[in-house]
Amino acid sequence: MQAILALEDGTFYRGVAAVADGEARGEVVFNTSMTGYQEVLTDPSYAGQIVTMTCAEIGNYGVSPNDVESRKPQIAGFIIRDESPVASNWRSEGTLRDYLVANGIVAISDIDTRALTRLLRSSGVMRGVVTTGGALDVNALVERARSIPTMDGSDLVRTVTSDTIFDWPAEDPGEFGIPTEHLARRRLKIAAYDFGMKWNIMRRLSAHGCDVRVYPAATPAAELLASRPDGVFLSNGPGDPAPLTYAIDNAKALVQADVPVFGICLGHQILGLAMGGTTYKLKFGHRGANHPVKQLVTGKIEITSQNHGFAVDPASLPDDVEVTHKNLYDGTVEGLRHTTHPVFCVQYHPEASPGPHDADYLFNDFIRLIEEKSA
C-alpha cells in the first residue's frame, strides 16, 4: 500500500505503508540509535512527534514485552528505511509489523531516511503528515502539515502523565548488576513527578534501594512534601517546558524546601526555569544513544542517551546555579547544580534504555546527596 510523508516546507516522500490505513500528524524528528526502536516507540517524551530512525534496517530483532517504557506506544508516527519482515532474537515475541498494527501506529517505510535526516539537520525539525492509501493529494497534505500546532508553547505533559498516584514495585539489584556499595544504606522514600516518565527510571531507582511513589504532573508540591520523602525526582517528558507553569511553580517550592531533588531531561529544563534560567528550542534536537557529554569538574567524557528538543540557556542562569556538564557536539548545557540547595539535574538519560550506562553513577549521587542531607 502506498504511503506519503509530507513536510510543511513542501518536501514529500513516497513510500510503502508499514501498517494499515491511517494518518499521523506531528513534528518530524530523527533518532540515531542503532537499536532500541521499541523503547523509542513507547517513550512518552516522543508524544506529538513522528520519529525517523536513521539506522537503515529496523525490526530485525522483533519486539519483547520487557522492552517497553510505558503502558503503550506514545509516538505520533514512525519512519524507517527498511522494515525487516522477520524477527531473529531469542527474546522476541513478535514482529515489529505486528506490534505496529496491534497498536495502531501509522508508519512509512522504503523512503530515503538519509536524505530526510540531512534535510532536518539543515532546515530544522518540521511539522509533517504521514498518510496511507491510494489517491493522495500532496499539496493538501502539505497544507495539513502547516496547520499542525507547533511544539513551542504546547503542553504535551498532560497527555502522557499518570492519572493517579501509584507505587513502583521493588526491583532486584542483582538483575541490574548494581554493586552492593552503590545501594542505599536503608530503603529511601522517593516522590517522583511523572511528566512522561520512562519505566526504566523507576526500575533503576528501585534497584538502587529506593521506594518510588509516582505523582501526576500537576500534583501540588505541598502534597509531595507532606509525605515526607527523602528525595524528589523530576522525570523526562515531551514538548516545551516553558508553558508548564504548574510544574515550574512546584519545582520552585521544592528548591526552597531544601529537599534533595534530582531531575532529568524535561525535569532538568523545569528545574532550570525554576532556578531562574530560560529555555530555547534547538534546531533539530538531540535524539540517540551516542552523544558525548563532558563532566566539567573531572574532565571525564560520558557517552549518553538523549531525547530532547529544548535546552537551558547558560547565559540566563543566576550566580547560585552552576553548569556541571556540557554537550561536546554543540556546547549546550547538559547538567546543572544549585550551589546552596541540594538540587542537581542532567539533560540526558542516565537510565539509558536504550543506550550506554556511563551515567548510571548519577543515581548513586542522588542517594549520596540524600544520605548526606539526613545524616
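About the thresholds
Residues numbered from 1 in each chain as written. Predicted model: local features only at pLDDT ≥ 70, side-chain atom pairs only at ≥ 80, totals over all residues. Heavy atoms only, no water. Pairing = 2+ DSSP bridges. Helix = DSSP H or I, 4+ residues; strand = E, 2+ residues; numbered from the N terminus. Axes fitted to C-alpha atoms, helices over the stretch in contact; angles between N-to-C directions. Contact = heavy atoms within 4.5 Å. Buried < 20%, exposed > 50% of the residue type's maximum accessible area, 1.4 Å probe, protein only. Core = buried A, V, L, I, M, F, W, Y, C linked by side-chain atoms within 4.5 Å. Patch = residues over 30% accessible without salt bridge, like charges linked within 9 Å, V, L, I, M, F, W, Y side chains within 5 Å. Areas by Shrake-Rupley, 256 points an atom, 1.4 Å probe, with all protein chains shown as cover. Salt bridge = Lys/Arg side-chain N within 4 Å of Asp/Glu carboxyl O.

Student: Tell me what's going on with the sheet that holds strand 3 (residues 23-31), and back it up with residues and numbers.
Tutor: Here seven strands make up a closed barrel; going around it, the order is 1-2-8-6-4-3-9 and the pairing mixed. The mean angle between the axes of side-by-side strands here comes to 35°, regardless of whether they run parallel or antiparallel. Pairing between strand 6 (residues 77-79) and strand 8 (residues 107-109): two bridges, direction parallel. Note that in strand 8 the partner of F78 across the bridge is A107. Of the strands in this sheet, strand 1 (2-7), strand 2 (12-17), strand 3, strand 4 (49-53), strand 6 and strand 9 (126-132) touch helix 3 (residues 113-123), which is tilted by about 80° from strand 3.

Student: Explain the pairing of strand 16 (residues 301-312) to me, using residue names and the numbers behind them.
Tutor: The buried fraction of strand 16 is high, at ten of twelve residues. Here strand 15 (residues 279-295) hands over to strand 16 after five residues, with G299 in that stretch at a positive phi of 80°.

Student: Residue-level account of unusual backbone geometry, with values.
Tutor: A cis amide bond links S353 with the next residue in sequence, P354, at an omega value of 0°. One can find P354 in the loop between strand 19 (343-346) and helix 9 (361-374). Phi is positive for R228, which is not a glycine, with a value near 55°. Residue R228 is classed as exposed on the basis of its relative accessible area, which comes to 68%. Even without being a glycine, A352 presents a positive backbone phi close to 55°. Relative to the elements of secondary structure, A352 occurs in the loop between strand 19 and helix 9.

Student: I'd like a rundown of the sheet that holds strand 14 (residues 261-264), residues and numbers included.
Tutor: Within the open sheet, the ten strands sit side by side as 10-12-11-13-14-19-18-17-15-16. Their pairing is mixed. The outermost strands of the open sheet, each flanked by one partner alone, are strand 10 (166-167) and strand 16. Strand contacts of helix 5 (residues 199-207): strand 10, strand 12 (210-216), strand 13 (231-234) and strand 14, with the helix running at about 150° to strand 12, the strand carrying the most contacts.

Student: Lay out the nonpolar core in plain terms, naming residues and giving numbers.
Tutor: F195, V232, L234, I270 and L271 are the most contacted members of the largest nonpolar core, which has 32 residues in total. Secondary-structure elements contributing two or more residues to this core are strand 11 (188-194), helix 6 (221-226), strand 13, helix 7 (245-257), helix 8 (266-274), strand 18 (333-338) and strand 19. Top element by residues in this core is helix 7. It accounts for six residues. Every residue in contact with L271, bar those within four places of it in the chain, is listed here: L234, A251, V255, V261, G263, V343, F344 and C345.

Student: So, a nonpolar patch on the surface: which residues are in play, and what are the values?
Tutor: Together, I301, I303 and L328 give the surface a local cluster of nonpolar side chains, amounting to about 230 Å² of exposed area. Mapped onto the secondary structure, I301 falls in strand 16. Classification of I301 as partly exposed rests on a relative accessible area of 39%.

Student: Just give me the short version of the pattern of salt bridges, but keep the residues and values in it.
Tutor: One pass over the structure, following the stated rule, counts 19 salt bridges. Of the charged contacts in the structure, one is a salt bridge between R127 and E8, with a shortest N-O distance of 2.9 Å. With R127 in strand 9 and E8 in the loop between strand 1 and strand 2, the pair connects residues that are 119 residues apart, well separated along the chain. In this structure R127 comes out as buried when scored by relative accessible area, which is 16%. The closest approach of N and O atoms between D82 and R81, which form a salt bridge, is 3.3 Å. A single salt-bridge network, built from bridges that share partners, covers E23, R25 and R144.

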